[in-house]
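# Topology and contacts: notes
What follows is each chain in one-letter form.
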Amino acid sequence: MTLNELPFDPQGIDKKSEDAAIIREVLEMRKETEALFAEEKYTEALRRTVDALRRIREASDYTHREFRALLVGLLFDLSEIHFMLKDYKQSEKELDTLFKVLGNLIKEDSERFGKYHLLAMDLSTRILRSRRKTLELLAKQQINTGMLYDKVNSGVAAATDKLVESLRKAAEMMASTGDYHTAVKFYAEAIKIAKKRAGKVTRREVRMTVEMAAVMMR
């Protein structure tokens, strides 16, 4: 598991301003967080992420799109780190906040932030302990997801493929434990999203349909 890239674009920030200095510091902290996370030093990674969040709050305009974009990246980090620290409740709270921040950013620029919405959905399949809550969240976010395919780009396509694969693996895992009913639901969700992504039925959807049918026969 690795942390996602930050959805940050330096354009629009005066390079000589205090805000630019804040951003440079936050990006440097983020590099340290990545290194600590890779070394499985999750408590130290959490401290650096919290430091970065505190620094962002010192910006002249905390509501500026680029600072909100940085916030999205740090919320991804927090959710991942708390999950690795087994603080599942906090991880889920941060996921909820992440979707709220992303919801507004998608309305402003779906082409840029669309893939991060899909990556957040992928994250939900990994950190939500309740499969029911996962399916409810995925269903709730389908409205935003459907809108994204009007502007399909490589980022959205890659993020969608990652989400579909995570759902398929989750279905396989549940089938292996005997939870066939939930496994079928996850297969169905994966197939539905894959069809939206491709705009047609491809070999991948056919393969997953066959897998789902095999589970249904059990």
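Refer to the structure presented above.
Read on for a plain summary of the structure.

As a further point, take the nonpolar core. Grouped together as the largest cluster of nonpolar side chains are 65 residues, with contacts concentrated most on F67, F76, L95 and L98. Ranked by residue count, the leading element in this core is helix α3 (residues 65-84), at 11 residues.

All right, on to the packing of aromatic side chains then. Per the counting criterion, the structure on display carries 2 aromatic pairs. Geometrically, the ring pair formed by F37 and Y42 is edge-to-face, given 5.3 Å between the ring centres and 65 degrees between the ring planes. Comparing F37 with Y42 shows no difference in burial state: the two are buried.

Right, let's get into unusual backbone geometry. If a residue is not glycine, its phi is most likely negative; likewise, a peptide bond is most likely trans. A positive phi angle is found at E40, which is not glycine, with a value near 65 degrees. Inspection of the secondary structure assignment puts E40 in the loop between α1 (18-38) and α2 (42-56). Phi angles above zero are rare outside glycine, and K86 is one such case at about 65 degrees. Summarising the element assignment, K86 is placed in the loop between α3 and α4 (88-108).

With that out of the way, let us pick up the pattern of salt bridges. This model, assessed by the stated rule, comprises 25 salt bridges. Across the pair R65 and E108 runs a salt bridge, and its minimum N-O distance is 3.1 Å. Placement of the pair is R65 in helix α3 and E108 in helix α4, with a sequence separation of 43 residues. Note that D122 is salt-bridged to K162, the shortest N-O span being 3.9 Å. With D122 in helix α5 (residues 110-127) and K162 in helix α8 (residues 154-176), this residue pair connects regions lying 40 residues apart in the sequence. Overall, D122 belongs to the buried group, its relative accessible area being 0%.

Two numbers describe how α5 lies on helix α6 (residues 131-140): the axes approach to 9 Å, and their chain directions differ by 170 degrees. Comparing their axes, α6 and α5 come out roughly antiparallel. Handedness of the α5/α6 crossing: left-handed. Between α5 and α6, the contacting residues are M121, S124 and T125 on the first element and R131, T134, L137 and L138 on the second. A per-class count over the contact of α5 with α6 returns 3 nonpolar, 3 polar and 1 charged.

To continue, consider α3. The end-to-end C-alpha separation of α3 is 29 Å, in line with the 28 Å expected for 20 residues at 1.5 Å each. Taken across its 20 residues, α3 has 18 buried, putting it largely inside the fold. Positive backbone phi, at 65 degrees, marks K86, one or two positions downstream of α3.

Calculation notes
Residues numbered from 1 in each chain as written. Predicted model: local features only at pLDDT ≥ 70, side-chain atom pairs only at ≥ 80, totals over all residues. Heavy atoms only, no water. Core = buried A, V, L, I, M, F, W, Y, C linked by side-chain atoms within 4.5 Å. Buried < 20%, exposed > 50% of the residue type's maximum accessible area, 1.4 Å probe, protein only. Helix = DSSP H or I, 4+ residues; strand = E, 2+ residues; numbered from the N terminus. Phe/Tyr/Trp six-rings, centres within 6.5 Å; stacked < 30°, edge-to-face > 60°. Salt bridge = Lys/Arg side-chain N within 4 Å of Asp/Glu carboxyl O. Axes fitted to C-alpha atoms, helices over the stretch in contact; angles between N-to-C directions. Parallel < 35°, antiparallel > 145°, perpendicular 65-115°, else oblique. Left-handed = near helix turned anticlockwise from the far one by under 90°. Contact = heavy atoms within 4.5 Å. Nonpolar A, V, L, I, M, F, W, Y, C, P; charged D, E, K, R; others polar. Expected span 1.5 Å × (residues − 1).

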